[in-house]
Amino acid sequence: MTDRDRTPDGRPQNARPRDVLGRPLPPGEEGVERVPEDLDLDVEETIAEGQRLLDHGFPFHAHEVFEAMWKKAPPEERPLWQGLAQLAVGLTHLLRGNRTGAASLLKQGQARVRHYEDEPPYRLDIDGLSAWADHLLTELERDEPLPDPPTPRLRMP
């Protein structure tokens, strides 16, 4: 049995390379750059980096950026960041072909971000994100092949 990959402080980690959608690749294959586990961005940087990753087809990585903020956010904001992470990973599942997982995570993420629709923080487009999730959920219910899904916009125009 081989030793498990560990961080410098001894925590277990999976250092295998990953593809653009976050799936582990066989050892020795070249993957895409990963989001550092110790990522520490402020709110504006988090939103900008999340949007950049979504725009470039890296929703799994965007989910990791939002998850980093979720872990350090004040308690009243954690559902917002968790919801954004779930929307991004819902898109990841959709792109991986996991329709059931996509629908589940899109619904959960949408429910969490909707709590902020009356007073959207950080100029986030909560109504637009909810409409984006509704569109994907409607397409998933049709049980037909989906064309390339639209990229969500995080900020209000």
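Everything numeric here is computed off the predicted structure, so don't read it as measured data.

A. Spatial organisation of the nonpolar core. Counting residues in hydrophobic clusters, the biggest one holds 32 residues, and the most contacted among them are F66, L80, W81, L84 and L154. Among the secondary structure elements, those contributing two or more residues to this core are α1 (43-55), α2 (59-72), α3 (78-96), α4 (99-114) and α5 (126-141). The element contributing the most residues to this core is α3, with 8 residues. Those residues in contact with W81 that lie beyond four places of it in its chain are V43, T46, I47, F66, M69, W70, A73 and Y122.

B. Main features of α2. Taking 1.5 Å per residue, 14 residues should reach 20 Å; α2 reaches 20 Å between its end C-alpha atoms and fits that length. Taken together, the buried positions of α2 are occupied by P59, F60, H61, A62, H63, V65, F66, A68 and M69. Those residues of α2 hidden inside the fold are in contact with α1 and α3.

C. Main features of the packing of aromatic side chains. Here the structure, examined in full by the defined rule, presents 2 aromatic pairs. Considering the side-chain rings of W81 and Y122, the 6.2 Å spacing of their centres and the 40 degrees angle between planes classify their relative orientation as tilted. Of this pair, W81 sits in helix α3 while Y122 is found in the loop between α4 and α5, placing the two residues 41 residues apart along the sequence. On the basis of relative accessible area, W81 is assigned to the buried category, the value being 0%.

D. Representation of the packing of α3 against α5. Orientation of α3 relative to α5, taken along the N-to-C sense of each, is 30 degrees, at an axis distance of 12 Å. As the angle between them shows, α3 and α5 are arranged roughly parallel. Considering the relative orientation of α3 and α5, their crossing is left-handed. Taking contact as the criterion, the partners of L80, L84, L87, L91 and L94 in α3 are, on α5, I126, L129, W132, A133, L136 and L140. Residues that form the contact of α3 with α5 fall into these classes: 11 nonpolar, no polar and no charged.

The rules behind the values
- Residues numbered from 1 in each chain as written.
- Predicted model: local features only at pLDDT ≥ 70, side-chain atom pairs only at ≥ 80, totals over all residues.
- Heavy atoms only, no water.
- Core = buried A, V, L, I, M, F, W, Y, C linked by side-chain atoms within 4.5 Å.
- Buried < 20%, exposed > 50% of the residue type's maximum accessible area, 1.4 Å probe, protein only.
- Helix = DSSP H or I, 4+ residues; strand = E, 2+ residues; numbered from the N terminus.
- Contact = heavy atoms within 4.5 Å.
- Expected span 1.5 Å × (residues − 1).
- Phe/Tyr/Trp six-rings, centres within 6.5 Å; stacked < 30°, edge-to-face > 60°.
- Axes fitted to C-alpha atoms, helices over the stretch in contact; angles between N-to-C directions.
- Parallel < 35°, antiparallel > 145°, perpendicular 65-115°, else oblique.
- Left-handed = near helix turned anticlockwise from the far one by under 90°.
- Nonpolar A, V, L, I, M, F, W, Y, C, P; charged D, E, K, R; others polar.

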